Amino acid sequence: MYRTHTCGALRIENVNENVCLSGWVQKIRNLGAMTFIDLRDRYGITQLVAEESASEEIKKQVAQLGREFVIQIQGKVVERASKNNKIPTGEIEIILDTVKILSRSEIPPFTIEDNTDGGDEIRMKYRYLDLRRQMVRRNLELRHRMAHLVRNFLDGKQFMEVETPVLIKSTPEGARDFVVPSRMNQGQFYALPQSPQTFKQLLMVAGFDRYYQIVKCFRDEDLRADRQPEFTQIDCEMSFVEREDVLGIFEDMIRHLFKEIRGIDIPAFPRMTWHEAMEQYGCDKPDIRFGMKFADLTRLARTKDFAVFNSAEYIGGICVPGCASYTRKQLDELTDFVKRPQVGAKGLVYVKYNEDGSIKSSVDKFYTAEELKVWLDTCQAQPGDLLLILCGAKNKTLPQLCELRLEMGNRLGLRDKNVFKPLWIVDFPLLEWDEETQRFYAMHHPFTSPNPEDIDLMETRPGDVRANAYDMVINGVEVGGGSIRIHDTALQQRMFKCLGFTPEQAEKQFGFLLNAFKYGAPPHGGIAFGFDRLVSMFAGLDSIRDTIAFPKNNSGRDVMIDSPSEISVEQFKELGIKLNQ
């Protein structure tokens, strides 16, 4: 028996028991007369003591120990004279009777502690060591618990977990596929799934009316903090449902997670249309933990000989509470912020509504105080507030204002990670126009149903058709999205036509789905949640990497196993792929 207890199990009630523990040496403190050792495993840390009166064999074994040695010990549990209330085992310690070294360790390249001295790259290279750190392990434990809660919740709602294929067919829509060459069918390729979309729809045709899967998906796209080339979705589909049925079930699921994990009761989620979100927040995933909604000042500001405003398609402002006292230096910093390439504005106009009621702005020579007061009233400003204004092409100025609003939210401490404000975004456009290719693309995917009220517009005004789609947004992060699907073959063919597919192209790419619909497809819809994003949000992290056991870096590389890597010439030959000389 390697252990009778784990390193996090012993308490004051265990005093005088003889126990056996196994784990890793976290720290050694040699005080001359006595030596203290912190022994760590997945469950916690227990302090061991080699007393001055210990046998020579014990002293000899202890003298050989180093950090991260794996050892087995036997000893007696005693009450600690100097208790440590920061750890659950802090009231006891173990007087050593025997020490056995199970595995020796080289000196680790960084300290295996919460406040480690290892940078991101070195910790990624030695990820198996990083996973020993309590804070990283805790994230994986949270991930496990959330997956368990999701499965239990959906099981209680009669959902069935079904695995779908990983080697599938490449499709032209959406992000870039990862492709896998076939040795047995040379010259042909599988793709790794971006989602199980078509398979879960086929399961609905097959009569499995409530499906879910916690599933790996793959997208060959540029990376950032909340993206990985392989990621995990909570993928769900339901038959005989309308939008409200789907929203009701999965709003309840997320509220259940908040209650169980964070101990928070979240009220009913508000709804916001895509158009409202864009006009008021400049993006389709607004952070509603704070105000600062946009005000359209275009009509009011085009009244004087100020060329910058007169030539602008759109002029928008946000009211920042309590910031009229901002200095010139602070305002210059904000101007530099909006001029950054990532934001792209050409400049910033401000209006200060001082506490004494006076008004000062950067455009005083063009507008009177009375005219500026109308702007302030439009933005519902109060004395002490600051009005920040951007202008230009509307489709560029709205996202620029969005970035400015979020920056002010950060500066004012309004984006508290312990405050959660979810909402649903609904009524997305079904299609979006791409100037480069001169064609429409599906905003979600080609199987999203149009709003029933807008179906007649598909041929005449396709850009005005709303999708029967929905996204769940929490604190400015899209954590899930879905739609009611097209289940009628004729409507699906109209959708393909809007996307520029010929009947032959549609048949080649999706004939298996269209054929399935001929045999009785129920009305159905679903949703998929980014599981990595959800876990990182519940953990209070900005990046999803520390919620994944073995993540890739920002270049899509696994620096631990050195992947991706080259393959041999023999493998290319087996696959029938010719190398360029």
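Bear in mind that the values here come from a model prediction, so they are computed numbers and not experimental data.

Draft legend 1. How the structure looks around the overall build of the protein chain. When helices and strands are tallied, the protein chain shows 16 helices and 22 strands. Seen along its three principal axes, the alpha-carbon backbone of the protein chain occupies a region of about 90 × 75 × 60 Å. Contacts spanning at least 24 positions in sequence make up 66% of the contacts within the protein chain whose residues lie at least 6 apart. Put simply, the protein chain has 76 plus and 84 minus side-chain charges, and the middle of one group is 3 Å from the middle of the other.

Draft legend 2. Representation of the pairing of strand S4 (residues 70-79). Note: strand S1 (residues 18-30) against S4, seven bridges, orientation antiparallel. Residue pairing in the sheet places Cys20 in a bridge with Gln74 of S4. Sheet topology note: the S4/strand S5 (residues 92-103) ladder contains 10 bridges and is antiparallel. Within S5, the position partnered with Gly75 by the bridge is Leu96.

Draft legend 3. Up close: the pattern of salt bridges. Across all of its chains, the model carries 40 salt bridges by this definition. In this structure, Arg328 and Asp332 form a salt bridge, with 3.2 Å as the shortest nitrogen-oxygen distance. Here Arg328 and its partner Asp332 are both found in helix H10 (residues 328-339), four residues apart, which amounts to about one turn of the helix. For Arg328, a relative accessible area of 57% gives the class exposed. Judged by its relative accessible area of 35%, Asp332 is partly exposed. Between Asp542 and Lys417 there is a salt bridge, and its shortest N-O distance comes to 3.1 Å. Taken together, the residues Asp542 in the loop between helix H15 (531-539) and helix H16 (569-575) and Lys417 in the loop between helix H12 (394-411) and strand S17 (422-426) connect sequence positions 125 residues apart. Via salt bridges that share partners, Asp120, Arg123, Arg127, Asp130, Arg133, Arg545 and Asp546 belong to a single interconnected network.

Draft legend 4. Representation of helix H1 (residues 56-64). Three or more residues of H1 are buried, namely Ile58, Gln61 and Val62. Across the axial projection of H1, the buried residues extend over an arc of 100 degrees, all falling on one side. For H1, the exposed residues set more than 90 degrees away from the buried face come down to Glu56, Lys60 and Ala63. The elements touched by buried residues of H1 are strand S2 (35-41), strand S3 (44-50) and S5.

Draft legend 5. The arrangement of the nonpolar core in detail. Grouped together as the largest cluster of nonpolar side chains are 40 residues, with contacts concentrated most on Met146, Leu154, Ile234, Phe250, Met253, Ile254 and Phe529. Per-element accounting of this core gives the leading share, nine residues, to helix H6 (residues 243-262). Among the nonpolar cores identified, the runner-up in size contains 29 residues, and Phe428, Ala469, Leu491 and Met495 belong to it.

Draft legend 6. The arrangement of the sheet that holds strand S6 (residues 160-161) in detail. One open sheet accounts for eight strands, arranged S6-S9-S10-S22-S21-S20-S17-S11; its pairing is mixed. Looking along the sheet, the strands with just one partner apiece sit at the ends: S6 and strand S11 (271-273). For strand S10 (residues 230-239) and strand S22 (residues 524-530), the ladder comprises seven bridges, and the chain directions are antiparallel. Looking across to S22, one finds that Glu237 is bridged to Gly526. Across the sheet, H6 lies against strand S9 (210-218), S10, S11, S17, strand S20 (469-474), strand S21 (477-484) and S22, angled at about 15 degrees from S20, the strand it touches most.

Draft legend 7. Expanded view of the UniProt feature "binding site: L-aspartate" (unreviewed entry) in the protein chain. The sites that UniProt annotates as "binding site: L-aspartate" (unreviewed entry) are Glu173, Arg219, His444 and Arg485. Tracing the backbone shows Arg219 in the loop between S9 and S10. With residues up to four places along the chain from it excluded, the contact list for Arg219 reads Ala175, Arg176, Phe178, Gln194, Pro229, Phe231 and Gln233. With respect to the element layout, His444 can be found in the loop between strand S19 (439-442) and S20.

Draft legend 8. Quick look at the packing of aromatic side chains. Counted according to the given criterion, the structure contains 19 aromatic pairs. Ring plane angle 90 degrees and centroid distance 6.3 Å describe the contact between Trp424 and Tyr470, whose orientation is recorded as edge-to-face. Highlighted residues: Trp424 in strand S17 and Tyr470 in strand S20, separated in sequence by 46 residues. In terms of burial, Trp424 and Tyr470 fall into one category: buried. Its end group placed over the ring of Phe290, Arg405 keeps NZ or CZ at 3.9 Å from the ring centre. Between the NZ or CZ atom of Arg439 and the centre of the ring of Tyr441, over which it lies, the distance is 3.8 Å.

Draft legend 9. Here's a closer look at the state of the cysteines. Scanning the model with the defined rule gives zero disulfides in all. We note that Cys323 lacks a disulfide partner, and the nearest cysteine sulfur, in Cys319, lies 9.3 Å from it. Overall, Cys323 belongs to the buried group, its relative accessible area being 2%.

Draft legend 10. Structural view of H12. Between its first and last C-alpha, H12 extends 25 Å over 18 residues, near the 26 Å set by a 1.5 Å rise per residue. Of the positions making up H12, those classed as buried are Thr397, Leu398, Gln400, Leu401, Cys402, Leu404, Arg405, Leu406, Glu407, Met408 and Gly409. Close packing links the buried residues of H12 with helix H7 (274-281), strand S13 (314-320), H10 and strand S16 (386-392).

Draft legend 11. Structural view of the pairing of strand S14 (residues 349-353). Judged by how many residues are buried, S14 sits mostly within the fold: five of five residues are covered. Here S14 shows two buried faces, one formed by Val349, Val351 and Tyr353 and the other by Tyr350 and Lys352. For S14 and strand S15 (residues 359-361), the ladder comprises three bridges, and the chain directions are antiparallel. Each bridged residue has a counterpart across the sheet, and for Tyr353 the counterpart in S15 is Ile359. Joining the antiparallel neighbours S14 and S15 is a turn of five residues, in which Gly357 adopts a positive phi near 90 degrees.

Draft legend 12. Structural detail: unusual backbone geometry. Across the junction of Ser563 and Pro564, the peptide omega takes the value 5 degrees, indicating a cis bond. Among the structural elements, Pro564 can be located in the loop between H15 and H16. For Gln158, which is not glycine, the phi dihedral falls at a positive 70 degrees. As for its placement among the helices and strands, Gln158 is situated in the loop between helix H4 (134-156) and S6.

What counts, and where the lines are drawn
Residues numbered from 1 in each chain as written. Predicted model: local features only at pLDDT ≥ 70, side-chain atom pairs only at ≥ 80, totals over all residues. Heavy atoms only, no water. Helix = DSSP H or I, 4+ residues; strand = E, 2+ residues; numbered from the N terminus. Contact = heavy atoms within 4.5 Å. Lys, Arg positive; Asp, Glu negative; His and termini not counted. Charge placed at Lys NZ, Arg CZ, Asp CG, Glu CD. Pairing = 2+ DSSP bridges. Salt bridge = Lys/Arg side-chain N within 4 Å of Asp/Glu carboxyl O. Buried < 20%, exposed > 50% of the residue type's maximum accessible area, 1.4 Å probe, protein only. Arc of directions from axis to C-beta. Core = buried A, V, L, I, M, F, W, Y, C linked by side-chain atoms within 4.5 Å. Axes fitted to C-alpha atoms, helices over the stretch in contact; angles between N-to-C directions. UniProt positions renumbered as here; feature names shortened; annotations may be inferred. Phe/Tyr/Trp six-rings, centres within 6.5 Å; stacked < 30°, edge-to-face > 60°. Lys NZ or Arg CZ within 6 Å of the ring centre and 35° of its normal. Disulfide = S-S within 2.5 Å. Expected span 1.5 Å × (residues − 1).

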